[in-house]
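Structural characterization, general
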Amino acid sequence: MRKKRILIIDDDSRNIFALSATLRAKSFDCISCSNAQDALDLLTTDEVVDAILIDMMMPEMDGYEAIPRIKNIEKRARMPIIAVTAQAMVGDREKCLEAGATEYISKPVDVDRLLQLLSQV
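This text gives an overview of the structure that appears in the document. In this text, all values refer to a predicted model and were calculated from it rather than measured experimentally.

Calculation notes
Per-chain numbering applies: the sequence of each chain, read as written, is numbered from 1 onward. Residue-level local features of this predicted model are given only where pLDDT is at least 70; pairs of side-chain atoms are given and counted only at 80 or more, and the full residue set underlies all totals for whole chains, interfaces and linings. To get the side-chain values, all heavy atoms of the structure are used, and hydrogens and water are removed first. Using a 1.4 Å probe on the protein chains alone, a residue whose accessible area is under 20% of its type maximum counts as buried, one over 50% counts as exposed, and one in between counts as partly exposed. In this text, helices come from DSSP runs of H or I with a minimum length of four residues, and strands from runs of E with a minimum of two, each type numbered from the N-terminal end. Regarding the arc, it is the one traced by the directions from the helix axis to the C-beta atoms. By definition, residues are in contact when any of their heavy atoms lie within 4.5 Å. Under the rule applied, a polar contact is a pair of N or O atoms within 3.5 Å (in protein, one hydrogen donor and one hydrogen acceptor; residues adjacent in sequence only if both atoms are side-chain atoms). Here, strands pair whenever DSSP counts at least two bridges between them. Residues belong to one nonpolar core when they are buried, are Ala, Val, Leu, Ile, Met, Phe, Trp, Tyr or Cys, and are joined through side-chain atoms within 4.5 Å.

Some remarks on helix α2 (residues 36–43)
Residue pairs spaced three or four apart in an α-helix point in one direction, given the helix's 3.6 residues per turn. When α2 is considered as a whole, its buried residues turn out to be Ala36, Ala39, Leu40 and Leu43. Here the buried residues of α2 occupy an arc of 100 degrees about the axis, which is enough to place them on one side. Turning to α2, the residues buried within the fold contact β1 (5–9), β2 (29–33), β3 (51–55) and α3 (63–71). One side-chain oxygen at the N-terminal end of α2 lies 3.1 Å from the backbone nitrogen of Gln37; it belongs to Asn35.

Side note on the pairing of β3
A large share of β3 lies buried, amounting to 5 of its 5 residues. Residues Ala51, Leu53 and Asp55 point to one face of β3 and Ile52 and Ile54 to the other, with burial holding for every one of them. Pairing analysis gives 4 bridges linking β1 to β3, with the strands arranged parallel. Counted as the bridge partner of Ile9 is Ile54 from β3. Of the strand pairs in this sheet, β3 and strand β4 (residues 81–85) are connected by 4 bridges, and their pairing is parallel. What sits directly across from Ile52, in β4, is Ile81.

A closer look at helix α5 (residues 111–118)
Leu114, Leu115, Leu117 and Leu118 are the residues of α5 that are buried. The buried residues of α5 occupy one face: seen down the axis, they fall within an arc of 160 degrees. Looking at the buried positions of α5, the neighbouring elements they touch are β1, α1 (13–25), β3, β4 and β5 (103–106). Where α5 begins, the capping side chain belongs to Asp110, and its oxygen is found 3.1 Å from the backbone nitrogen of Asp112.

A closer look at the nonpolar core
Of all hydrophobic cores here, the largest spans 26 residues; its most connected members are Leu7, Ile9, Ile52 and Ile54. Sorting the residues of this core by element identifies β1, β2, α2, β3, α3 and β4 as the ones contributing at least two each. What Ile52 contacts, discounting residues up to four positions off in sequence, is Leu7, Ile9, Leu43, Ile70, Met79, Pro80, Ile81 and Ile82. By size, the runner-up hydrophobic cluster in this structure holds 16 residues, among which are Leu19, Cys30, Val84 and Leu117.

Here's what the structure looks like:
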């Protein structure tokens, strides 16, 4: 059985490093993009991706704009997308889900919760 492959989209390399290290230790395969446009370009290819973790607050194109664009890529329309954000105010979860995210997790990331969400992929 192949490892589940997770695409991490985040403009902060420290977040990519931490999430990748954590997920690889739990037998996930990880790839990353430091901006949403690079991720969109990658997702239009045949690259294997089982789920996406996307930072909602990025320059140029944030997660709120990127998620609907990802969902508009025909072969990615049902892709599980987990919004990862430092925004943990009332209503932020709903805003992420309205944008098309499958689920929401706040920073600092609760690793057990993240693994629970990814186990459903």
